[in-house]
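Listed here are the chains, written in short residue letters.
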Amino acid sequence: RTGYSYWNNINNPFGSDTMLVLLGLERRKGGGGPTLFSYNKKSGETKNLGPIFSADSAYSWATGEGMYFSGSSANMLYLNDGPKMLRYDVMTHSMSTVFNVEDSLGSGKILWQMHSSNDDRVHSATVRDSSSYEMLGCVAYQESLKFARYIAAKGDFDECQVDKSGHFLVI
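In this report, the structure presented in the accompanying data block is examined. All values reported here derive from a predicted model rather than from experimental measurement.

So, on to the pattern of salt bridges. This model, assessed by the stated rule, comprises four salt bridges. Put simply, aspartate 17 and lysine 42 hold a salt bridge, and the shortest N to O gap is 3.9 Å. Residue aspartate 17 is located in the segment before β1 (18-25), and its partner lysine 42 is located in the loop between β2 (33-40) and β3 (46-51); the two are separated by 25 residues in the primary sequence. The residue arginine 87 makes a salt bridge to glutamate 143 at a minimum N-O spacing of 2.7 Å. Residue arginine 87 is located in strand β6 (residues 84-89), and its partner glutamate 143 is located in the loop between β10 (135-142) and β11 (147-152); the two are separated by 56 residues in the primary sequence.

The structure is reproduced here in structure tokens:
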């Protein structure tokens, strides 16, 4: 499973002969969960580098949908952990929190359909109620300023997405 086309399942391999590909291999069907592959652009050699999370990690049961590579850092992957947007290095396996919606909007909120600008400075996500999953609105987060702006849902709200430049939010 690769998810929707607007999430980067292939890293930005600028300056490297090797690109990384994320595929969700369903654990319930014998796969390893989110799995990393490498592809050598010169030789065409493809390697299965294995699951990106250990089998005892809850993330190993994820489909991979909504996970996406950073636009500027070849080994960084973004993933959703309910109220938190996380950044995960697929090589060193280190994880850090980028944004926690509960810090800005209070408890009982989760993030959905996250997106990031190509330079990783601006992020957006749909905000949902954690109990009812009602779509509440959208949050845009400027990481360098640690500034979040919330836009409440109006009308037939579906989702929001920051554009690749980080200057515009599409709702």
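To continue, consider the packing of aromatic side chains. Per the stated rule, a full pass over the model turns up four aromatic pairs. Centre to centre, the rings of phenylalanine 53 and tyrosine 88 are 4.8 Å apart; their planes meet at 35°, and the pair counts as tilted. Residue phenylalanine 53 is located in the loop between β3 and β4 (68-69), and its partner tyrosine 88 is located in strand β6; the two are separated by 35 residues in the primary sequence. Taking relative accessible area as the criterion, tyrosine 88 reaches 4% and is therefore assigned buried. Cluster of aromatic residues (ring-pair linked, three or more members): Phe53, Tyr59 and Tyr88. If you follow arginine 27 out to its NZ or CZ, it ends over the ring of tryptophan 61, 3.9 Å from the centre.

Turning next to the sheet that holds β2. Sheet strands line up and pair through hydrogen bonds in the backbone, either parallel or antiparallel. Read from one edge to the other, the open sheet built from three strands follows the order β1-β2-β3, with strand pairing classed as antiparallel. In this open sheet, the two strands that pair with only one neighbour each are β1 and β3. For this sheet, the mean inter-axis angle between neighbouring strands, taken without regard to orientation, is 25°.

Further remarks concern the sheet that holds strand β8 (residues 109-116). Strand order in the open sheet made by the four strands is β8-β9-β10-β11, with antiparallel pairing throughout. Two strands bound the open sheet, and with one partner strand each, they are β8 and β11. Each strand axis lies, on average, 25° off the axis of its neighbour in the sheet, ignoring direction. Where β10 meets β11, six bridges bridge the pair, whose relative direction is antiparallel. Along β11, the bridge assignment pairs glycine 137 with alanine 152.

What follows deals with the state of the cysteines. Counted by the stated rule, this structure contains one disulfide. A sulfur-sulfur distance of 2.0 Å marks the disulfide that ties cysteine 138 to cysteine 160. In this structure the cystine formed by cysteine 138 and cysteine 160 twists about its S-S bond by roughly 90°; its chirality is therefore right-handed. Remark: cysteine 160 occurs in the loop between β11 and β12 (161-162) and cysteine 138 occurs in strand β10; sequence separation between them is 22 residues.

The rules behind these values
Residues numbered from 1 in each chain as written. Predicted model: local features only at pLDDT ≥ 70, side-chain atom pairs only at ≥ 80, totals over all residues. Heavy atoms only, no water. Salt bridge = Lys/Arg side-chain N within 4 Å of Asp/Glu carboxyl O. Helix = DSSP H or I, 4+ residues; strand = E, 2+ residues; numbered from the N terminus. Phe/Tyr/Trp six-rings, centres within 6.5 Å; stacked < 30°, edge-to-face > 60°. Buried < 20%, exposed > 50% of the residue type's maximum accessible area, 1.4 Å probe, protein only. Lys NZ or Arg CZ within 6 Å of the ring centre and 35° of its normal. Pairing = 2+ DSSP bridges. Axes fitted to C-alpha atoms, helices over the stretch in contact; angles between N-to-C directions. Disulfide = S-S within 2.5 Å.

Keep in mind these values describe shape, not function.
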